[in-house]
Amino acid sequence: MPSIDLRSDTVTQPTEAMRSAMAEAQVGDDVFGEDPTLNNLEAMAARKTEKEAAIFVPSGTMGNLISILAHCARGDEVILGDRSHIFLNEVGGMSALGGIHPHIVPNNDDGTLALDALEKVVRHTDIHYPPTRIICLENTHNYCQGAPLPLGYMREVAGFAKKHSLGIHLDGARIFNAAVALNVDVASLVQHVDSVMFCLSKGLSAPVGSLVCGTKQFILKARKLRKMVGGGMRQAGHLAAAGRVALENQIEPLKKDHQLARQLAQGLADITGLELNLEQVKTNIIFFKLNHPKVEPEAFLSHLESEKIKILMIDPAVFRAVLHREISQEQIVKVLSVCRACLD
Ligand SMILES: *Cc1c(COP(=O)(O)O)cnc(C)c1O
């Protein structure tokens, strides 16, 4: 029996259509700009986001890094959320590699950064201060239970940024989950940001890769920076081929992931000893807390594991489950019955 892996949507295997597209892809040396499949994927990403240009990168982390490096000079400051992936999970790349100073503000539970909190941290021209250059947003917001940031909020932050002459970079690792959940076009969701990174390798099920989209000039700069950090690839069209299939075929099915997330969340919320805020479950990510008189978090985890169910413990007694293409309705039923059996 295969395991039910709810640790992340990154565990998804390529689809059959991706495997054949990868095998048959026409490729060339992308550092020379000669990979037709890769060029085609970049054009497709630019079209979808309605940005002038796009660049393929091996990972979301590299996409965020080169975006921030392209926006900022050494000593510049970036405003970002205290629960953002860039701040928590990207090895401090902006500081270590770019000499760029992060200035964190608290994330609200819905993933937003309050405008008055932003107002407080924007630097003035005082001689003591590093200059604020950009704001980073995250949509959907991973550590805020996969919250999608709505269009109206994106517009508000854009107005604020404009007033203060700041840029905006969007960590849109799961931007298509946001677009699907909010029922808006992805282009309108990113129209107010200067650059956006999104991942092909998560819910969209491609094996490798992310894209950064922005103006032609910005992407030219990003291309140089990608080379600098070792991300210039050769016959990467084999990867891009899967990415094209991801954008063509795998966006609509994200809806199913969101429905199953809802179903799992509702079931978990009904189990004594598990705490979960149902209202916050809007995409494919669920966070819940174990608060049980007899069962310890480790025992709960190993009980699930003995039934071949994998989830992540993010904090002591706080668990994350992520829905994706390879999880079926029957498996959700099974997960719920295993949880009930363990905690009853
Ligand atoms: C996964 C993720 C990234 C980084 O992507 P990798 O491809 O794993 O480097 C960035 N931001 C968010 C919100 C993510 O979930």
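Not measured: the values here are computed from a predicted model.

Conventions we followed
Residues numbered from 1 in each chain as written. Predicted model: local features only at pLDDT ≥ 70, side-chain atom pairs only at ≥ 80, totals over all residues. Heavy atoms only, no water. Helix = DSSP H or I, 4+ residues; strand = E, 2+ residues; numbered from the N terminus. Rg over C-alpha atoms; globule rule 2.2 N^0.38 Å. Buried < 20%, exposed > 50% of the residue type's maximum accessible area, 1.4 Å probe, protein only. Arc of directions from axis to C-beta. Contact = heavy atoms within 4.5 Å. Axes fitted to C-alpha atoms, helices over the stretch in contact; angles between N-to-C directions. Parallel < 35°, antiparallel > 145°, perpendicular 65-115°, else oblique. Nonpolar A, V, L, I, M, F, W, Y, C, P; charged D, E, K, R; others polar. Domains from an automatic or database assignment. Buried area = accessible area lost by both parts, 1.4 Å probe. Salt bridge = Lys/Arg side-chain N within 4 Å of Asp/Glu carboxyl O. Polar contact = N/O pair within 3.5 Å; in protein donor to acceptor, adjacent residues only side chain to side chain. Phe/Tyr/Trp six-rings, centres within 6.5 Å; stacked < 30°, edge-to-face > 60°. Near = heavy atom within 4 Å. Areas by Shrake-Rupley, 256 points an atom, 1.4 Å probe, with all protein chains shown as cover. 1 Å grid on protein atoms, 1.4 Å probe; cavity = no way out; pocket = protein on both sides within 12 Å on 5 of 7 lines; lining within 4 Å. Sits in = over half its atoms within 2 Å of the grid points. Pairing = 2+ DSSP bridges.

1. Quick look at the overall build of the protein
- Looking only at helices and strands, one finds 14 helices and 13 strands in the protein.
- In terms of overall dimensions, the protein is globule-like: its C-alpha atoms have a radius of gyration of 21 Å, near the 20 Å expected for 344 residues.
- With the C-alpha coordinates aligned to their principal axes, the bounding extent of the protein is approximately 60 × 55 × 35 Å.
- Within the protein, buried positions represent 56% of all 344 residues.

2. With respect to helix H13 (residues 297-306)
- By the burial criterion, the buried members of H13 are Pro297, Phe300, Leu301 and Leu304. Mapping the buried residues of H13 onto a view down its axis gives an arc of 95°, with all of them on the same face.
- Next to the buried residues of H13 lie strand E9 (274-275), strand E10 (285-290), strand E11 (309-310), strand E12 (312-315), strand E13 (318-322) and helix H14 (329-343).

3. Quick notes on the packing of helix H8 (residues 175-182) against helix H12 (residues 254-269)
- Between H8 and H12, whose axes approach to 9 Å, the crossing angle comes to 75°. With respect to H12, the axis of H8 lies roughly perpendicular. Together, Phe176, Asn177, Val180 and Ala181 of H8 and Leu254, Lys255 and His258 of H12 make up the contact between the two elements.
- Among the residues forming the contact of H8 with H12, the class breakdown is four nonpolar, two polar and one charged.

4. With respect to the domain arrangement of the protein
- Parsing the protein into structural domains produces domain 1 (14-249) and domain 2 (253-343).
- Here the C-alpha centre of domain 2 lies 29 Å away from the C-alpha centre of domain 1.
- Taken together, the contact pairs 18 residues of domain 1 with 14 residues of domain 2.
- Carbon and sulfur atoms supply 55% of the area that domain 1 and domain 2 bury against each other, a total of about 1500 Å² over both sides.
- For domain 1, the biggest contributors to the area lost against domain 2 are Gln145, Asn177 and Val180; these three give 39% of the whole.
- Across the domain 1-domain 2 interface, the total number found is zero salt bridges.
- Counting every contact that joins domain 1 to domain 2 gives six residue pairs in polar contact (both at pLDDT 80 or more).
- Residues that form the side of domain 1 that touches domain 2 fall into these classes: seven nonpolar, nine polar and two charged.

5. Describing unusual backbone geometry
- A cis amide bond links Asn139 to the next residue, Thr140, at an omega of 0°.
- Here Thr140 is to be found in the loop between strand E5 (132-138) and helix H7 (151-163).
- Within the chain, Ala317 stands out as a residue other than glycine whose phi angle is a positive 70°.

6. Description of the packing of aromatic side chains
- Scanning the entire structure with this criterion turns up five aromatic pairs.
- Ring geometry for Phe176 against Phe198: centres 5.1 Å apart, planes inclined by 85°, an arrangement best described as edge-to-face. You can see Phe176 sitting in helix H8 and its partner Phe198 sitting in strand E7 (residues 195-199), a full 22 residues away along the chain. In this structure, Phe176 and Phe198 share a single accessibility class: buried.

7. Brief notes about the pattern of salt bridges
- Evaluated as defined, the whole model comprises 13 salt bridges.
- Among the salt bridges present, the one from Asp29 reaches Arg234, with a minimum N-O distance of 3.2 Å. You can see Asp29 sitting in the loop between helix H1 (16-24) and helix H2 (36-49) and its partner Arg234 sitting in the loop between helix H10 (216-228) and helix H11 (237-249), a full 205 residues away along the chain.
- With relative accessibility at 16%, the residue Asp29 sits in the buried group.
- A salt bridge links Glu326 to Arg325; the nearest nitrogen and oxygen atoms lie 3.3 Å apart.
- Residue classification places Glu326 among the partly exposed positions, given a relative accessible area of 33%.
- On the basis of relative accessibility, which here comes to 26%, the residue Arg325 falls in the partly exposed class.

8. Structural notes on the environment of Leu220
- Relative to the assigned elements, Leu220 resides in helix H10.
- Spatially, the C-alpha atom of Leu220 lies 8.8 Å from that of Ile55, the residues being 165 residues apart in sequence.

9. Observations concerning the site of the ligand
- Around the ligand there are 14 residues in total, and Gly60, Thr61, Asp171, Arg174 and Lys202 lie nearest to it.
- In isolation the ligand has 380 Å² of accessible area, and contact with the protein removes 84% of it.
- Given that more than half its atoms are within 2 Å of the pocket grid, the ligand belongs to the second largest pocket.
- Every element with two or more residues in the shell around the ligand is listed here: helix H3 (60-71) and E7.
- Looking at which element gives the most residues to the shell around the ligand, the answer is H3, with three residues.
- For the shell around the ligand, the per-class residue count stands at three nonpolar, six polar and five charged.

10. Looking at the sheet that holds strand E8 (residues 210-214)
- Pairing within the open sheet is mixed, and its seven strands lie in the order E2-E8-E7-E6-E5-E3-E4. Each edge of the open sheet carries a strand with a single partner, namely strand E2 (53-57) and strand E4 (101-105). Put simply, the sheet's adjacent strands are angled 20° from each other on average, direction ignored.
- For E2 and E8, the ladder comprises five bridges, and the chain directions are antiparallel. Bridge assignment links Ala53 to a residue of E8, and that residue is Gly214.
- Here H10 sits on the sheet in contact with E2, E7 and E8, set at roughly 20° to E2.

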